Amino acid sequence: MDKIKANELIRKYKEGTLSAEESALLESWYLEYAKSQHTDIRMDALEDHLDEVWQNLPGNVAVTKKLIIRPLWKWMAAAVLLIIGAFGILEYNKQNQAVTRQTIVPQGDALPGDNRAILTLASGEEIWLENVSSGKVAREGGSEVIKTRQGEIVYQPEGKSGANVLKGEVTYNTISTPKAGQYQIRLPDGTRVWLNAASSIRFPTVFDNQERTVEIKGEVYFEVAKKTNKKNRVPFKVIAGSQLIEVLGTRFNVNSYTDEENIKTTLFEGSIKLQVEGNLDKDILLTPGQQAKYNPVQKKAASATLPFLITQVDTRSVLAWKNGYFRFDNIGLPELMRQLSRWYDMEVVYEGTIKDYEFVGQIERGTNLSKVLKILELGGVHFKIEDKKIIVTE
């Protein structure tokens, strides 16, 4: 396809008039474009094309100059192809997601995760939430546990905020997601919680009027409900490993997977105060758009200052998982593969020397694993699927 035809297809894509056949043709052109490793279109024109595609994907931002000027051509091609490929996956899933979930997984593939979690009651009894019907699931320490028709678990305190129960022993529940699982919960105080794959939250079945404290593992997003006691704010605290978060606002995300180097706390709205075990007399405040990285291994090395690295981040990338996407903003291959491992419940094995790859783009999390890997392979890395393993070959 010549340059004039390619420009016409890109123009129609911007206008939203591109047919399914033309979309496939445009993607095919980019594929061939990458394979050739040379082009008669000037570099600045290519950048314009890439920006146009990227800007028109829902929730995306323009690709920066930094990405475009990398010296190796295949990096540029990988960026283009991942974005184009992601668009194809996005459109495919919107039309076929319901069918995909009912499809038997072909050999050498894996279905994406879905809504599944285990509720562990105070007695130790475990309830697989995806297997229970909507309605009352259990009664725990003054709260009724209800599963809504939308699949959310809601704790509804009995009586006046469960005050009669607080005179006795406080009971705790834990909700945990396995690999390839996610879940949404509404705590007894009305706080809404989203659990990513391989994550958990432990909480009292009724909160008292002095303090609300929960403990998490993995990745969790919070929208904290306001609660007062005689006009005084009742603090909401989150324990993530040796890090303590006191919530002064409402919306934030914590990534505390043990296989990640840092605990990442990102604020979307309001403010939060961060402390670490052993340094509770010192704290830092985050404002919206900031992310704190904390390395638990290095915490003992910090004396006068807390071991936090504070940066401004693209909050859309942080929250992509909750909104149903993988979003890659110049992330390396190991981090990307950890995300895939958790979401598809697969082990990742590396064979040989793996080069330094970086990836840009967005793909729906409802996509089968084989399709995700095919898109990633356009950047030069190769994969095999064997049983429950993703093998990175080069």
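Above this text you will find the structure in question.
In this report, the structure presented in the accompanying data block is examined.

Calculation rules
- Residues numbered from 1 in each chain as written.
- Predicted model: local features only at pLDDT ≥ 70, side-chain atom pairs only at ≥ 80, totals over all residues.
- Heavy atoms only, no water.
- Helix = DSSP H or I, 4+ residues; strand = E, 2+ residues; numbered from the N terminus.
- Buried < 20%, exposed > 50% of the residue type's maximum accessible area, 1.4 Å probe, protein only.
- Contact = heavy atoms within 4.5 Å.
- Areas by Shrake-Rupley, 256 points an atom, 1.4 Å probe, with all protein chains shown as cover.
- Pairing = 2+ DSSP bridges.
- Axes fitted to C-alpha atoms, helices over the stretch in contact; angles between N-to-C directions.
- Expected span 1.5 Å × (residues − 1).
- Core = buried A, V, L, I, M, F, W, Y, C linked by side-chain atoms within 4.5 Å.
- Phe/Tyr/Trp six-rings, centres within 6.5 Å; stacked < 30°, edge-to-face > 60°.
- Lys NZ or Arg CZ within 6 Å of the ring centre and 35° of its normal.
- Salt bridge = Lys/Arg side-chain N within 4 Å of Asp/Glu carboxyl O.

On to the overall build of the protein, then. The secondary structure content of the protein amounts to 8 helices and 26 strands. Across the 394 residues that make up the protein, the buried fraction comes to 48%. Long-range contacts, defined as pairs at least 24 residues apart, comprise 56% of the intrachain contacts of the protein with a sequence gap of at least 6. Surface exposure of the protein reaches about 19400 Å², of which carbon and sulfur atoms provide 48%.

Strand order in the open sheet made by the 3 strands is 23-26-25, with mixed pairing throughout. Looking at strand neighbours, the two that pair on one side only are strand 23 (347-350) and strand 25 (383-386), the edges of this open sheet. Neighbour-to-neighbour, the strand axes of the sheet open up by a mean angle of 25 degrees, direction not taken into account. Two strands pair when backbone bridges link them, and strand 25 and strand 26 (residues 389-392) are joined in this way by 4 bridges, in the antiparallel orientation.

All right, on to helix 7 (residues 333-344) then. Along its 12 residues, helix 7 runs 16 Å from first to last C-alpha, staying within 8% of the 16 Å computed at 1.5 Å per residue. Residues of helix 7 that are buried include every one of Leu 333, Leu 336, Met 337, Leu 340, Ser 341, Arg 342, Trp 343 and Tyr 344, and no others. Note on helix 7: the residue one or two positions beyond its end, Asp 345, has a positive phi of about 55 degrees.

This brings us to the nonpolar core. Most often, soluble globular proteins keep nonpolar side chains buried together rather than apart. If you look at the biggest cluster of nonpolar residues, it comprises 39 residues, and the most contacted ones within it are Ile 175, Leu 187, Ile 201, Val 214, Phe 222 and Phe 252. Residue contributions to this core peak at 4 residues, all from strand 11 (residues 212-223). Contacts of Ile 175, omitting those with residues within four sequence positions, involve Ala 117, Ile 118, Leu 119, Leu 129, Ile 153, Tyr 155, Ile 185, Leu 195, Ser 199, Ser 200, Ile 201 and Phe 203. Residues Phe 328, Ile 331, Leu 333 and Ile 390 belong to the second largest nonpolar core, which totals 25 residues.

This paragraph deals with the packing of aromatic side chains. Scanning the entire structure with this criterion turns up 10 aromatic pairs. Between the aromatic rings of Trp 194 and Tyr 221, the centroid separation amounts to 5.3 Å while the plane-to-plane angle is 55 degrees, which identifies the pairing as tilted. With Trp 194 in strand 9 (residues 192-195) and Tyr 221 in strand 11, this residue pair connects regions lying 27 residues apart in the sequence. With 6.2 Å between their ring centres and 25 degrees between their planes, Phe 326 and Tyr 344 make a pair best called stacked. Of the two residues, Phe 326 sits in strand 22 (residues 325-332) while Tyr 344 sits in helix 7, which places them 18 residues apart along the sequence. Residue classification places Phe 326 among the buried positions, given a relative accessible area of 2%. Over the face of the ring belonging to Phe 326 we find Arg 365, whose NZ or CZ atom lies 5.8 Å from the ring centre. One cation-aromatic arrangement involves Arg 365 over Trp 343; the distance from NZ or CZ to the ring centre is 3.7 Å.

Glancing now at the pattern of salt bridges. All chains considered together, the criterion is met by 19 salt bridges. Note that Lys 136 and Glu 144 form a salt bridge whose closest N and O atoms lie 3.6 Å from each other. Assessed through its relative accessible area of 53%, Lys 136 is described here as exposed. What makes Glu 144 partly exposed here is its relative accessible area of 24%. When the shortest N-O distance is used, the salt bridge between Arg 342 and Asp 259 registers 3.0 Å. Of the two residues, Arg 342 is situated in helix 7 and Asp 259 in the loop between strand 16 (251-256) and strand 17 (263-269); the sequence distance between them amounts to 83 residues. One continuous salt-bridge network, built from bridges that share partners, spans Asp 259, Glu 260, Arg 338 and Arg 342.

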